[in-house]
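For reference, the chains in residue letters:
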Protein chains: 4
Amino acid sequence: MKNKKNKIINDPIYGFIRLEHSIILKIINHRYFQRLRHISQLGLSYLVFPGAHHTRFHHALGCLHLINNAIIQLRNKGSLITFEEEEAVKIAILLHDIGHGPFSHALENSIINNIPHEEISCLFMQRLNEEFSGKLSLAIKIFKNKYKKKFLHQLICSQLDIDRLDYLRRDSFYTGVAEGNIGTERIINMFDIINDKIVIEEKGIYSIEKFIIARRLMYWQVYLHKTVIASEKMLENILKRAKELIKKNKKIYSPTSLLTFLDKKHSIKNFKNKPHLLDMFSDLNDADIFVCLKYWKESDDFILSQLSKMILNRKLLKIEIQNKKFNNDKILKISNILMKKYKLNCDEVKYFIFSDKVINHTYNPINDNINILMKNGNICDITKVSSLLKLSNLKKEISKYYLCYPKNINL
Amino acid sequence: MKNKKNKIINDPIYGFIRLEHSIILKIINHRYFQRLRHISQLGLSYLVFPGAHHTRFHHALGCLHLINNAIIQLRNKGSLITFEEEEAVKIAILLHDIGHGPFSHALENSIINNIPHEEISCLFMQRLNEEFSGKLSLAIKIFKNKYKKKFLHQLICSQLDIDRLDYLRRDSFYTGVAEGNIGTERIINMFDIINDKIVIEEKGIYSIEKFIIARRLMYWQVYLHKTVIASEKMLENILKRAKELIKKNKKIYSPTSLLTFLDKKHSIKNFKNKPHLLDMFSDLNDADIFVCLKYWKESDDFILSQLSKMILNRKLLKIEIQNKKFNNDKILKISNILMKKYKLNCDEVKYFIFSDKVINHTYNPINDNINILMKNGNICDITKVSSLLKLSNLKKEISKYYLCYPKNINL
Amino acid sequence: MKNKKNKIINDPIYGFIRLEHSIILKIINHRYFQRLRHISQLGLSYLVFPGAHHTRFHHALGCLHLINNAIIQLRNKGSLITFEEEEAVKIAILLHDIGHGPFSHALENSIINNIPHEEISCLFMQRLNEEFSGKLSLAIKIFKNKYKKKFLHQLICSQLDIDRLDYLRRDSFYTGVAEGNIGTERIINMFDIINDKIVIEEKGIYSIEKFIIARRLMYWQVYLHKTVIASEKMLENILKRAKELIKKNKKIYSPTSLLTFLDKKHSIKNFKNKPHLLDMFSDLNDADIFVCLKYWKESDDFILSQLSKMILNRKLLKIEIQNKKFNNDKILKISNILMKKYKLNCDEVKYFIFSDKVINHTYNPINDNINILMKNGNICDITKVSSLLKLSNLKKEISKYYLCYPKNINL
Amino acid sequence: MKNKKNKIINDPIYGFIRLEHSIILKIINHRYFQRLRHISQLGLSYLVFPGAHHTRFHHALGCLHLINNAIIQLRNKGSLITFEEEEAVKIAILLHDIGHGPFSHALENSIINNIPHEEISCLFMQRLNEEFSGKLSLAIKIFKNKYKKKFLHQLICSQLDIDRLDYLRRDSFYTGVAEGNIGTERIINMFDIINDKIVIEEKGIYSIEKFIIARRLMYWQVYLHKTVIASEKMLENILKRAKELIKKNKKIYSPTSLLTFLDKKHSIKNFKNKPHLLDMFSDLNDADIFVCLKYWKESDDFILSQLSKMILNRKLLKIEIQNKKFNNDKILKISNILMKKYKLNCDEVKYFIFSDKVINHTYNPINDNINILMKNGNICDITKVSSLLKLSNLKKEISKYYLCYPKNINL
């Protein structure tokens, strides 16, 4: 009997992604997973990179494709991965980002406060586990790093996990920042497992160096692009203002499910006690925010309407970036001009002028590190064996300060 | 004095797109043009091709890039194009699609009836012309084909226009259907102007053949992909139902601007008499439809809620495709089962079972044709000189019939 | 025990090609196979396409990669392919072109007359079979189509074989004629075996159409590019002249192994009786011809020296192409001018002015055809089910006539 | 009157390269330039990377394409480049590598000793200048850095010259080491001229970092790949042995032009005094070496025949790489085994066992450096402003030691 059940999906990056007819396909078809189609991978970056409209849905499928290749490689090299483990690690990577809300990271702290998206992902997995009669138990164990074979968790979450391998490649592709491209296939070819840890064969060192450099480039050139920062901070401010107005009992438009989250903060405990909260959350996507902006641009609250219009019409705040803190006098001076010009008090003006820092770690070996398997059998951290990256600099947290305020202010 | 004013945009396809600081940049920054960022190029195709989230905004910039190359080529070959004409034709291509509403073609007849998007594009251009004190007059003339140099209009609208050169390449790229790719640059290199008409140099024949074949492939494999048809017809039905309910004074959610168009039909005359109509329309984008779907899935109208849920969770109707009309008995039989199962009357059931045809012309030389400039100086239609395409078949309209109905119907 | 023996080769087209440590790697390392590194895939095409320096060696590895994917696909769909068959078909594809001599097709009839390269390939395989104690017997059987499972032979040699899938893609890639690119991976995904024959699933029809069109485009745009024809015919003439001079006992330079083949014609029988002949042949590669040209450009035979110089310095004959035979008067007239100008007799002048035709079959279903597996289970020829290719034209042999003669002849 | 004289060449990397009909096309058509078609860009690297058969000819055309883009950029930014300077700098880049002999760098010191290829390039330029009645004078001045506008020379020869921008991209492309790819277009977009020096705009810093890293990766992964080193050193040894045998009056095959250079050393003075020397040199290409190998593999000199066979059949010496010098005892021990096994004296054995080091400078700012134009107008060295590359390490010369000797030696 012929088995022709493989489903094939066109992917501009990998060519084709094959999906087997199994629980994995059922999960993909589930409404929780389908919602990722409407959650953009890179928030508002499309305001700078017009190609960057790819979604969490696509990223998750890409990860599935790569982990499949990784499993083939590792088995080829003699690592034992059972069929159950294979399925579980595939489910885990597929769902690792399912907890993201609208605009992914951009609104991470605006819609749900103080709960990392990984915890929400866990809630979704548990919910699906109930629906699928316990078939996700092993996946959850691996995701939470409670399974004995630790390398399976590392595939999903580590300095060199499948998640990063896909998102760097994908974000580089869709933004058109070709230089962020990495040798995904080559790196996976260099994977091996030693003592239950992912290691990279020595001849892969240059690829790893390039991976680290490309990641750094993508951070400064895309993820922390100054116009992206400005627009995402403005969007955060819009939601902050909406919450404030709601607290003051001002009536503003919001779909019910979004209102639930603007109205009050929910702890992870809330989520566990009130199952409908997760359903509410699962109902949210980028479109809710856009439609709110369109309503809010007509609001009689100046702050809300002004900022909403600015995002919709891409008339963004000016942003300056520098390596040290911005001078307080300058901020005060601009604030005063703005307060006068727009009749704002000193709390309100902060919606239009604000300064903070963004941080990036090029390589952060505190939690885990990238291990190289030397030809002599030794295992070393990449920074120890790379003549280039043998540098304290790399581990150093790099901060940049930004200051946003309206254009056309005469100083 | 240095002029560093060129703005550079990353494009995954062409590498970089350069924008000069001129009226063109001002038009791009205008809110009418910015709205195209939220109108997807390919409607619901992303339900089949998860990479296909590119927008009308991006397509318009791509066209601008290509027409720039075409102008350089044509001038190199001795065609006279003045600076004013260059600017005008660039503006015209940039705005040729600005009249599209949410989901582009998919809802072309659901939101505005019987007005082609080109006419709405014209309205936008006229509005912008007022704002920019007449600087778009020549662009409008070219767009309407009222300018003496007819080839400029052909660049924007003909069998082998810049529009097609960009969208085939771009849609092929983002869907991952690599086979739809065409030799954009080579074709533009082969452009020449003879007797005020675009012609292709003889050695470009194979590229043109491939262009025609690729276009045909993209039609059947992407634009008329059966799952895409099913989902877009369902979406049309949703809007049809919404209008019906509104007519019956049922209260359903809709943002005001969308309501304006669901509530009644507007003729082109209406648009001309009531300027705010165009503003209403300019306010619409994909997000409005998505949010409606989310509200409507909770509606107490079974048809509206059911269809909305189906789109949101991608539980689509089954679709069959064949070369001849579907048998009426079969349709009746299924209709009866459905009417019984869902308690629908014979009008209502048509929302869940429907049949029609889709049509494609691979090459339609009725209006204009693709002219080849032979080495001996003669100019011939491509079908006359291509040994492959010398075929009546190519000009023939090809129809395919589809039938949609719910899965899990036992016949 | 870990098995890390896979060898990985960088390929600009497929990314990586994996070679298992087995008899296949031993064959690749054999001097017979290594010689393919110095035999260009596309003869003198690099004179027009400066990137086209790829070799038969690389093509053979590419085929190995693709057949591996095809085997995985077919097994997935339920076709039984034993391990022995897998190895044999891989060996057969690897060696299918090993019988090529210098410049591949360009000198096919100049070095060895009347023996197709496939027969020489067979001789090599038999020789290797002896060396490897009979381990190639099954591969030879498949290659000669004497094995019961006919579809294995079809993978190597048919209208849609792995050979074509690789060479179209590779030649398109290295010449830079991007339009010749085909959907290799997609086509292989559509492979299935029915009644011991390769068939293509119905939804692959458009890809097959595109494959046929791309092949046609590559023929006219690359393989039969007029400058390529001119240069290859000139090279043929050079070898013809060398043979003539040798026959007349004129002393001209030649490496011994080449001399063996210039000196007299060898039948396939000769090859079988005199084993050293094959060794002589295996010693030949492109470099021999180049060095001869460099010696011959100093020859005191005008014809030999003149033509050699022309190739080396790329001062080629002019070539005209048309659909009908060239007028004899024109040829005679030019011949007369040339005879006078260069003091040539009427036999000699034919080295500098000659006319013939080139032929291409876009699709030739006489021997075998491309079968489509329809959804209803029927199997049909592609031309029957493709609305585009339902054309007698496609099967028609297309001839073009060329006429070559020196530039700067005043007619 | 129409000017359709542009010649278009297909390039797999840049799509199309346009050549104007001018002296540049005449130079390209000259036999001195055409010979570059037969000189491989990367020596014997194709033994490791089967795609790496690209030539100096193709690289030179690629440089021409890039310098054209650079000139457009610089003019856009207000730099004055006259038409004469444009032509001259294009000629200079086109001819910068024309002095390369067979296998480019691999035999740089085997065929001509102690004369850098740049000086031979100069000789060719002067010869062409005579032929073209002084039209290359400005090009030569720029090439020799004797022209007042120093930045024109920098485009051809500096830490970030057009040469590097093309060869890194091209070598990465043809070897398939995709990670060596660099953002050529972006870097050129960031070019500017300040105080007669090329500078890079600040926002190009990450691209420059990536350029440096990619260059380093290409060095260790491709140019200094251990198998490439082994084979190229073996080839050097072969030529050394040939010279030795000639000196001892042993008769070995060699084409006359090659013999001229094997027979004795020629100083740059010789070249200047004896014009035919350059013609002899211009006659050499890769094919001469290959044909010699084929003759020499039959030589009765064991060393010559053995090494030639090893290259031809790719049975290379084993190579070990390490960061410190190899232990002399080990070398001695192996030497002794070899002397006994092959009956070699202690001079002769050095052809089969040898050790040395290879050196790479990732960034060498001694001669010149990469300057960044900061937003505040300052100009800084890249290492000063890159938080990553602020490292002594980068400037450090990195050495690796290698040891080559036959496989199958039992130690």
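On a predicted model such as this, the values are computed, not experimentally measured, just so you know.

Asks: Could you give me a rundown of the overall build of chain A, with the residues and numbers involved?
Replies: Secondary structure assignment for chain A yields 20 helices and nine strands. On C-alpha atoms alone, chain A measures out to a radius of gyration of 23 Å, which is about the 22 Å that the 2.2 N^0.38 rule sets for 411 residues. With the C-alpha coordinates of chain A rotated into their principal frame, the extents come out at 70 × 50 × 35 Å. Out of the 411 residues in chain A, the part that is buried amounts to 49%. Sequence-distant contacts, at least 24 apart, represent 69% of the contacts inside chain A between residues at least 6 apart.

Asks: Talk me through the sheet that holds strand β3 (residues 191–194) of chain C; I want residue IDs and the actual numbers.
Replies: All names here are of chain C. Taking strand neighbours across the sheet as the criterion, the four strands line up as β3-β4-β7-β8 in an open arrangement whose pairing is mixed. The sheet terminates laterally at β3 and β8 (379–381), the two strands that pair on one side only. Sheet twist, expressed as the mean angle between neighbouring strand axes with direction ignored, is 45 degrees. As paired strands, strand β7 (residues 371–373) and β8 are joined by three bridges and run antiparallel to one another. The residue of β8 that forms the bridge with L373 is I379.

Asks: Please set out the interface of chain A and chain B residue by residue, giving values where relevant.
Replies: Contacts between the two partners involve 32 residues from chain A, matched on the other side by 32 residues from chain B. Elements supplying a minimum of two residues to the side of chain A that touches chain B: β1 (7–11), α2 (31–34), α3 (56–76), α9 (162–175) and α16 (286–296) of chain A. With five residues, the top contributor of residues to the side of chain A that touches chain B is α16 of chain A. In terms of residue class, the side of chain A that touches chain B is built from 14 nonpolar, 11 polar and seven charged.

Asks: Summarise the pairing of strand β2 (residues 15–19) of chain A; cite the residues concerned and give the values.
Replies: Residue and element names in this part refer to chain A. The sheet contact formed by β1 and β2 spans five bridges and is antiparallel. Across the sheet, I8 pairs through a bridge with R18, a residue of β2. The turn linking β1 back onto β2 is made up of three residues.

Asks: How would you explain the sheet that holds strand β4 (residues 197–201) of chain A if you had to name every residue and give the values?
Replies: All names here are of chain A. Reading across from one edge, β3-β4-β7-β8 is the order of the four strands in this open sheet, with mixed pairing throughout. Both outer strands of the open sheet, β3 (191–194) and β8 (379–381), are each paired with one neighbouring strand and no more. In this sheet, adjacent strand axes meet at a mean angle of 45 degrees when their direction is disregarded. The sheet contact formed by β4 and strand β7 (residues 371–373) spans three bridges and is parallel. Across the sheet, the residue bridging to E201 is L373, located in β7.

Asks: Tell me about the relation of the copies chain A and chain B, and please be specific about residues and values.
Replies: When chain A is brought onto chain B, the operation consists of a screw motion whose angular component is 180 degrees and whose axial shift is 0.0 Å, with 0.0 Å RMSD remaining. Taken together, the turn and the small shift mark the pair as related by a two-fold rotation axis. Residue A287 of chain A, judged by its C-alpha, is the member of chain A lying nearest the rotation axis, at 2.3 Å.

Asks: So what's going on with the environment of S386 of chain B? Which residues, and what values?
Replies: Residue and element names in this part refer to chain B. Take S386: it is sitting in the loop between α19 (382–385) and α20 (392–395). Separated by 178 residues in sequence, S386 and I208 have C-alpha atoms that sit 9.3 Å apart. What S386 contacts, discounting residues up to four positions off in sequence, is I205 and E209.

Asks: Lay out helix α11 (residues 205–223) of chain C with the relevant residues and their values.
Replies: An ideal rise of 1.5 Å per residue puts 27 Å on 19 residues; α11 of chain C measures up with 25 Å between its terminal C-alpha atoms. Among the 19 residues of α11 of chain C, 18 are classified as buried, and the element is accordingly described as predominantly covered.

Asks: Help me get a handle on the packing of helix α3 (residues 56–76) of chain C against helix α4 (residues 83–95) of chain C, residues and values and all.
Replies: Residues and elements named next belong to chain C. The N-to-C vectors of α3 and α4 enclose an angle of 150 degrees; their axes lie 8 Å apart at closest approach. The angle between the axes of α3 and α4 places the two elements in the roughly antiparallel class. In the crossing of α3 with α4, the sense of the turn from one axis to the other is right-handed. Of the residues in α4, those touching α3 at A60, C63, L64, I67 and I71 are E86, V89, K90, I93 and L94. Grouping the amino acids of the contact of α3 with α4 by side-chain chemistry returns eight nonpolar, no polar and two charged.

Asks: A description of helix α6 (residues 117–131) of chain C should follow, citing residues and the corresponding values.
Replies: All names here are of chain C. If you check α6, its first and last C-alpha atoms are 21 Å apart, about what 15 residues at 1.5 Å a residue would give, namely 21 Å. Residues of α6 that are buried include every one of I120, C122, L123, M125 and L128, and no others. Packing partners of the buried residues in α6 comprise α1 (23–29), α2 (31–34), α4, α7 (137–143), α14 (268–273) and α15 (275–282). One or two residues past the end of α6 sits S133, with phi positive at roughly 45 degrees.

Asks: Would you mind going over the packing of helix α3 (residues 56–76) of chain D against helix α9 (residues 162–175) of chain D in detail, with residue names and values included?
Replies: All names here are of chain D. Running from amino to carboxyl end, α3 crosses α9 at an angle of 125 degrees, the nearest separation of the two axes being 9 Å. On the basis of the axis angle, α3 is oblique to α9. For the element pair α3 and α9, the recorded crossing hand is right-handed. Mapping the contact onto sequence places H59, G62, C63, L66, I67 and A70 in α3 and I162, D163, L165, D166, Y167 and R170 in α9. Here the residues of the contact of α3 with α9 sort into seven nonpolar, two polar and three charged.

Asks: An account of unusual backbone geometry is requested, with residue identities and associated values reported.
Replies: If you check the backbone angles, S133 of chain A has positive phi at about 45 degrees while not being a glycine. Given 8 C-beta atoms within a 10 Å radius, S133 of chain A is considered exposed. For N195 of chain D, which is not glycine, the phi dihedral falls at a positive 50 degrees. Looking at where N195 of chain D falls in the secondary structure, it is placed in the loop between β3 (191–194) and β4 (197–201).

Asks: Give a detailed account of the environment of I372 of chain A, specifying residues and quantitative values.
Replies: All names here are of chain A. By the secondary structure assignment, I372 is in strand β7. Note on I372: 23 C-beta atoms within 10 Å, which makes it buried. Taking the C-alpha atoms as reference points, I372 and S299, 73 residues apart in sequence, are found 57 Å from one another. When residues no more than four places from it in sequence are discounted, the contact partners of I372 are V199, I200, E202, I205, I379, C380, I382 and V385.

Asks: Run through the confidence of the model for chain A, naming residues and quoting values.
Replies: Residues and elements named next belong to chain A. Summing up the model confidence of chain A, the mean pLDDT is 91 and the portion of residues at 70 or higher is 94%. Per-element confidence in chain A ranges from a low mean pLDDT of 64 for helix α20 (residues 392–395) to a high of 98 for helix α7 (residues 137–143). Two summary scores accompany this predicted model of the complex, namely pTM at 0.87 and ipTM at 0.92.

Asks: Outline the environment of G204 of chain A, supporting the account with residue identities and numerical values.
Replies: Residue and element names in this part refer to chain A. As for its position among the elements, G204 is in the loop between β4 and α11 (205–223). In this structure, the C-alpha to C-alpha distance between G204 and M190, residues 14 residues apart in sequence, is 6.0 Å. Contact partners of G204, with chain neighbours within four places excluded, come to I187 and M190.

What counts as what
Residues numbered from 1 in each chain as written. Chains lettered and ligands numbered in written order. Predicted model: local features only at pLDDT ≥ 70, side-chain atom pairs only at ≥ 80, totals over all residues. Helix = DSSP H or I, 4+ residues; strand = E, 2+ residues; numbered from the N terminus. Rg over C-alpha atoms; globule rule 2.2 N^0.38 Å. Buried ≥ 20, exposed ≤ 12 C-beta atoms within 10 Å, placed from the backbone. Contact = placed C-beta atoms within 7 Å. Pairing = 2+ DSSP bridges. Axes fitted to C-alpha atoms, helices over the stretch in contact; angles between N-to-C directions. Nonpolar A, V, L, I, M, F, W, Y, C, P; charged D, E, K, R; others polar. Least-squares fit on C-alpha atoms with pLDDT ≥ 70 in both. Expected span 1.5 Å × (residues − 1). Parallel < 35°, antiparallel > 145°, perpendicular 65-115°, else oblique. Left-handed = near helix turned anticlockwise from the far one by under 90°. pLDDT = per-residue confidence, 0-100.

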